[in-house]
Amino acid sequence: MRLILATHNEGKLREYRALLAGLPLELFSLADCASAAMPAEDGTSFAENALLKARHAHRLCPDDWAMADDSGLVVDALDGRPGIHSSRYAGELSSYEVKIGQLQAELAAASSPSRAARFVCVIALIAPDGREWTVEGRLVGEIGHSPRGSEGFGYDPIFWLPRIGMTAAELDPVYKNRISHRAKANRKIRQLLNQMLDENGLPQSPDSVL
Ligand code: IMP
């Protein structure tokens, strides 16, 4: 079975190859089957954005399975911001120092004192016959008061994990890759792909969120 990942990012392709290792499938990126640009991510949720990227890959490579993901940081006191706009928050080209500064300023001005937050990753999968699935993984934590740690990327330095007593940027990257929102969504997609590969175990509900 061939699976096309809707990305032109080689790093993401490598990460998914490792996460899906052992399954009897060949994983390609869109760059391997078409050179077309990615669609604008103008959905209103992680699932919509993951689906619109996966549908794009499905249209370009209709004989293969298509997969795409979308992720971001959701902060309760900011009504879910930065959410699907996480990489564009405070301007697409701004550094994470600036994005984190803006997040702290917005949080200080928010009416709720809550610092609850979560990283969310949604993966969409489309079969050659058009059936669609989405799965979601979450890493729950809080927005810390000041950045700590130098591992990871993006918002990791201010993503505080109270039960561990560290920020995501202080975690061993191997450990983060086991507990992260991406790892959790990947475990679900692996399970789903395993079911697909077992002819007798095809899921009954095409649009179910696992
Ligand atoms: P994308 O899924 O690659 O589009 O990532 C969306 C954005 O969400 C990233 O650019 C980061 O700003 C943020 N993000 C997603 N996952 C993480 C994470 O594990 N750590 C820090 N930031 C993240």
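Small disclaimer: the values here were computed from a predicted structure and weren't measured. (Residues numbered from 1 in each chain as written. Predicted model: local features only at pLDDT ≥ 70, side-chain atom pairs only at ≥ 80, totals over all residues. Heavy atoms only, no water.)

**Q** Hey, could you run me through the site of the ligand in this one?
**A** Within the structure, the ligand sits among 15 residues, and Ser 71, Tyr 96, Asp 156, Lys 176 and Arg 182 are positioned closest to it. Here a nitrogen atom of the ligand and a side-chain polar atom of Asp 156 are 2.7 Å apart. Here Arg 182 contributes a side-chain N or O atom positioned 2.9 Å from an oxygen atom of the ligand. In the complex, 86% of the free accessible area of the ligand, which totals 490 Å², lies under the protein chains. Put simply, the ligand lies in the largest pocket. (Near = heavy atom within 4 Å. Polar contact = N/O pair within 3.5 Å; in protein donor to acceptor, adjacent residues only side chain to side chain. Areas by Shrake-Rupley, 256 points an atom, 1.4 Å probe, with all protein chains shown as cover. 1 Å grid on protein atoms, 1.4 Å probe; cavity = no way out; pocket = protein on both sides within 12 Å on 5 of 7 lines; lining within 4 Å. Sits in = over half its atoms within 2 Å of the grid points.)

**Q** How do you make sense of the pattern of salt bridges when you look at a structure like this?
**A** For side chains of opposite charge, pairing can occur when their charged atoms come near one another. In the structure shown here, the tally under the stated rule is 12 salt bridges. Of the charged contacts, one joins Asp 70 and Lys 53 as a salt bridge, the two residues approaching to 3.3 Å between their closest N and O atoms. Here Lys 53 lies in helix α3 (residues 46–60) and Asp 70 lies in strand β3 (residues 65–75), a separation of 17 residues in the sequence. Across the pair, exposure class does not vary: Asp 70 and Lys 53 are buried alike. Between Asp 76 and Arg 118 there is a salt bridge, with its nearest N and O atoms 3.0 Å apart. Residue Asp 76 is found in the loop between β3 and α4 (96–109), and its partner Arg 118 is found in strand β4 (residues 116–126); the two are separated by 42 residues along the sequence. (Salt bridge = Lys/Arg side-chain N within 4 Å of Asp/Glu carboxyl O. Helix = DSSP H or I, 4+ residues; strand = E, 2+ residues; numbered from the N terminus. Buried < 20%, exposed > 50% of the residue type's maximum accessible area, 1.4 Å probe, protein only.)

**Q** Any chance you could explain the environment of Ile 189 here in plain terms?
**A** Here Ile 189 lies in helix α6 (residues 181–197). Ile 189 sits 54 residues away from Val 135 along the chain, and the two C-alpha atoms are 6.7 Å apart. What Ile 189 contacts, discounting residues up to four positions off in sequence, is Leu 20, Met 67, Ile 123, Leu 125 and Val 135. (Contact = heavy atoms within 4.5 Å.)

**Q** Is there a simple way to explain the nonpolar core in this structure?
**A** Most often, soluble globular proteins have nonpolar side chains that are buried together. Leu 3, Leu 20, Met 67, Leu 125 and Ile 189 are the most contacted members of the largest nonpolar core, which totals 21 residues. Counting residues per element, the ones that place at least two in this core are β1 (2–5), α1 (10–19), β3, β4, β5 (132–143) and α6. Ranked by residue count, the leading element in this core is α6, at five residues. With 19 residues, the next largest nonpolar core counts Leu 103, Leu 107, Ile 158 and Phe 159 among its residues. (Core = buried A, V, L, I, M, F, W, Y, C linked by side-chain atoms within 4.5 Å.)

**Q** Which parts of the structure should I look at to understand the pairing of β5?
**A** Both faces of the sheet carry side chains from a regular strand, because those side chains alternate between them. Where β4 lies against β5, 11 bridges are found, and the strand directions are antiparallel. Its bridge partner being in β5, Leu 125 is matched across the sheet by Trp 133. Hairpin remark: β4 followed by β5, antiparallel, with five residues in the connecting loop; positive phi at Gly 130, about 100°. Where β5 lies against strand β6 (residues 159–161), two bridges are found, and the strand directions are antiparallel. In the strand pairing of β6, Glu 142 is matched with Trp 160. (Pairing = 2+ DSSP bridges.)

**Q** Whenever I open this one, the packing of aromatic side chains confuses me. Can you help?
**A** To describe a pair of aromatic rings, one takes the distance between the centres and the angle between the planes. The full count for this structure, using the stated rule, is three aromatic pairs. Judged by centre distance (6.2 Å) and plane angle (20°), the rings of Trp 65 and Trp 133 are stacked. In this pair, Trp 65 is assigned in strand β3 and Trp 133 in strand β5, connecting sequence segments 68 residues apart. Overall, Trp 133 belongs to the buried group, its relative accessible area being 1%. The ring of Phe 28 carries the charged tip of Arg 2 above its face, separated from the ring centre by 4.3 Å. Across from the ring centre of Tyr 96, 5.4 Å away, lies the NZ or CZ of Lys 99, which sits over that ring. (Phe/Tyr/Trp six-rings, centres within 6.5 Å; stacked < 30°, edge-to-face > 60°. Lys NZ or Arg CZ within 6 Å of the ring centre and 35° of its normal.)

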